[in-house]
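# Secondary and tertiary structure notes
One letter stands for each residue in the lines below.
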Amino acid sequence: PLAISGGIDSMLLLKIATLIKDDLGFNFRAIHINHNFSSNSAEMENHCLNMCANYNLNLTIKNIRLSEHRNVEDQLRNKRYECFFNNMYEDEVLVLAHHENDQFETFFYRLFRGSSPRGLSSIKEISERNNRILCRPFLQVTKKCIIYASKDLGLKFIHDHTNDDLSYDRNYIRNKIVPTITKRWENIHNVMNHNIRLQNDYSLIVDDYCENIYSHIIKNTQLDIYKLLYYPKHVHSVFLRYWINKETKYSLSKNEIYNLLSIILSKNNDYPKCILKNKMSITRYKDYLYIVENKVIKSTNQKIWDMKNDTDFGKYEIKLNKLKDEGIYDNLSLKAPITLKSVIGNEKIMLNNTYYQELKKIFQNKSIPLWERDKFILFYSHNELLLAYSDKEMFISSEIR
């Protein structure tokens, strides 16, 4: 699909697509995201409708709205991409009309926000996001060329009124900073392209180095703090950024990295955490950093299970084959029906033939963090705890061993 807004860039993209689709055998359709933010949003949507009708091209229109009036630019961009991806087929590529001037704006926008070389390498002609391929065929084309080509083709377009609002960072960079720099340094385009390529090269070098030391520091997605501290200081923040991006596809901000470095250097193992903007948490426990997703919602209900078929409890599945592989199915099935419950915190289980042990103490001795304890399912028979079960580990009562 072609991402079209109704502005001059995407209207030229739309026109060129209609000119080449038959000769090259490409199939195009268009998607317009109405942000419902500009005073002329309806006019832009109607223009996209009319142009696609003229070209006999299928158009999908979707609406998004701000949930809060802060970080407006980032919020609209994230919602826009989410909407694009939710309305694409598996075999489709998203084609965008970003051009060379957008590339420079992105560089300065990220520079002023303290981005790493990865961020300063800016946008790519072909890239991937959320497992979708993005293509930007205009990325080496200047805005001036787009204006000339649009005039030659007699294209009509709608100017987005929000682009004139200098309170938004990108608009200020576009209308104030870039023109001033371009006027002062005539060859800035060549310099900027060179600089962006350099940042990309530096980013690749960093990635290669981090990948080479990755298995020494990371175990089962968990970061060993003292192994990270073994490396020079200048590696710490770079590696943290690489680790989180590799595991979650999330890019840490400057403040988030500072917070994580403080946690690493504090020696506090009592669950200090940094909550990221994507609502994940990075939490310290037993000198490891853990990536913790949104808090597990424990099932407050109990469930009776006859053990004849696989079952689920809350959001987790219990497989008979796994119990059989562990060699506990036969003895456990003799106790059926089994009552399934969540961990509350005061449970005891007999792991030997002599005395009961507190499940909480067992978790602590095995260095199982709090969020992993919530994932355990407890198997009871006549109020006797027989099994604490999770996908990663099990604690089995001597009653069924």
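All residue numbers refer to position in the chain's written sequence, counted from 1. Where totals are concerned, whole chains, interfaces and linings use all residues; where local detail is concerned, this predicted model gives features only for residues with pLDDT of at least 70, and gives and counts side-chain atom pairs only at 80 or more. Hydrogens and water are ignored here; the side-chain numbers use all heavy atoms of the structure.

On to the packing of helix α4 (residues 100-111) against helix α8 (residues 188-217). Close contact between α4 and α8 brings their axes to 11 Å; oriented N to C, the two are set at 60°. For the element pair α4 / α8, the angle class is oblique. Crossing of α4 over α8 shows left-handed handedness. Facing α4, whose interface residues are E100, Q103, F104, F107 and F108, α8 presents H189, M192, N193, N195, I196 and Q199. Any residue outside Ala, Val, Leu, Ile, Met, Phe, Trp, Tyr, Cys, Pro, Asp, Glu, Lys and Arg is labelled polar, Gly included; the first ten of those are nonpolar and the last four are charged. Looking at side-chain class alone, the contact of α4 with α8 contains five nonpolar, five polar and one charged residues. Between the N-to-C directions of two axes lies an angle of 0 to 180 degrees, each axis being a line fitted to C-alpha atoms and, for a helix, fitted only over the stretch in contact. Helix and strand assignments come from DSSP, with helices taken as H or I runs of at least 4 residues and strands as E runs of at least 2, each series counted from the N terminus. Angle categories are assigned with fixed cut-offs, so that under 35 degrees is roughly parallel, over 145 is roughly antiparallel, 65 to 115 is roughly perpendicular, and the rest are oblique. Whether a crossing is left-handed or right-handed is set by the direction in which the near helix is turned from the far one by less than a right angle, anticlockwise for left-handed and clockwise for right-handed. Only heavy atoms enter the contact rule, under which two residues are in contact if any of them lie within 4.5 Å.

Take the pattern of salt bridges next. What makes a salt bridge here is a side-chain nitrogen of Lys or Arg within 4 Å of a carboxyl oxygen of Asp or Glu, nothing more. Per the counting criterion, the structure on display carries 14 salt bridges. The shortest N-O distance in the salt bridge between E211 and K246 comes to 2.9 Å. Here E211, found in helix α8, pairs with K246, found in helix α10 (residues 233-248); they are 35 residues apart in sequence, far enough to count as distant. Assessed through its relative accessible area of 36%, K246 is described here as partly exposed. Here K375 ties to E372 by a salt bridge, and the two come within 3.4 Å at their closest N and O atoms. On the basis of relative accessible area, K375 is assigned to the partly exposed category, the value being 28%. Working definition: with a 1.4 Å probe on protein chains only, accessible area under 20% of the residue-type maximum means buried, over 50% means exposed, and in between means partly exposed. Relative accessible area serves as the criterion here: at 16%, E372 is assigned to the buried category. The network of salt bridges with shared partners includes D74, R77 and R113.

A few words on the pairing of strand β3 (residues 59-63). The rule for pairing is simple: two strands pair if DSSP sees at least two bridges between them. Relative to β3, strand β2 (residues 30-34) runs parallel, the two being bridged by five bridges. Across the sheet, residue I33 finds its bridge partner in β3, namely K62. Between the parallel pair β2 and β3, the chain is carried across by helix α2 (residues 41-54), and the sense of this crossover is right-handed. Classification remark: right-handed applies to a crossover when, strands pointing away from the viewer, the course from the first strand over the helix to the second runs clockwise.

On to the packing of α8 against α10. For any two helices packed against each other, one specifies the inter-axial angle together with the distance between the axes. Contact pair α8 / α10: the axes reach a minimum separation of 10 Å and the direction vectors enclose 80°. As summarised for this structure, α8 and α10 are arranged roughly perpendicular, according to the angle between their axes. Residues V206, D207, Y209, C210, E211, I213, Y214 and I217 of α8 touch α10, and the partners they reach there are V235, V238, F239, Y242, W243, K246 and E247. Taken together, the residues of the contact of α8 with α10 break down into 11 nonpolar, no polar and four charged.

You can see T60 is positioned in strand β3. Residues T60 and H236, 176 residues apart in the sequence, show an inter-C-alpha distance of 45 Å. Ignoring sequence-local partners within four residues, the contact set of T60 consists of R29, A30, I31 and H32.

Judged by nonpolar contacts, the single largest core of 26 residues is most densely connected at L223, F239, L240, W243 and L289. By residue number, the principal contributor to this core is α10, which donates six residues. Sequence-distant contacts of L223, that is, excluding residues within four places in its chain, are made with I217, I218, L228, F239, L240, W243, D287, Y288 and L289. We call a set of buried residues a nonpolar core when its members are Ala, Val, Leu, Ile, Met, Phe, Trp, Tyr or Cys and they connect through side-chain atoms within 4.5 Å of each other.

Moving on: the pairing of strand β10 (residues 281-285). On a regular strand, each side chain points to the face opposite its neighbour's, so the side chains alternate between the two faces of the sheet. Buried residues dominate β10, accounting for five of its five residues. Of the two faces of β10, the one lined by S281, T283 and Y285 and the one lined by I282 and R284 are each fully buried. Bridge count between strand β9 (residues 273-275) and β10: three bridges; the pairing is antiparallel. Residue K273 lies in a different strand from β10, and its bridge partner there is T283. Inspection of the sheet shows β10 paired to strand β11 (residues 288-292) by five bridges, in the antiparallel sense. Its bridge partner being in β11, S281 is matched across the sheet by V292.

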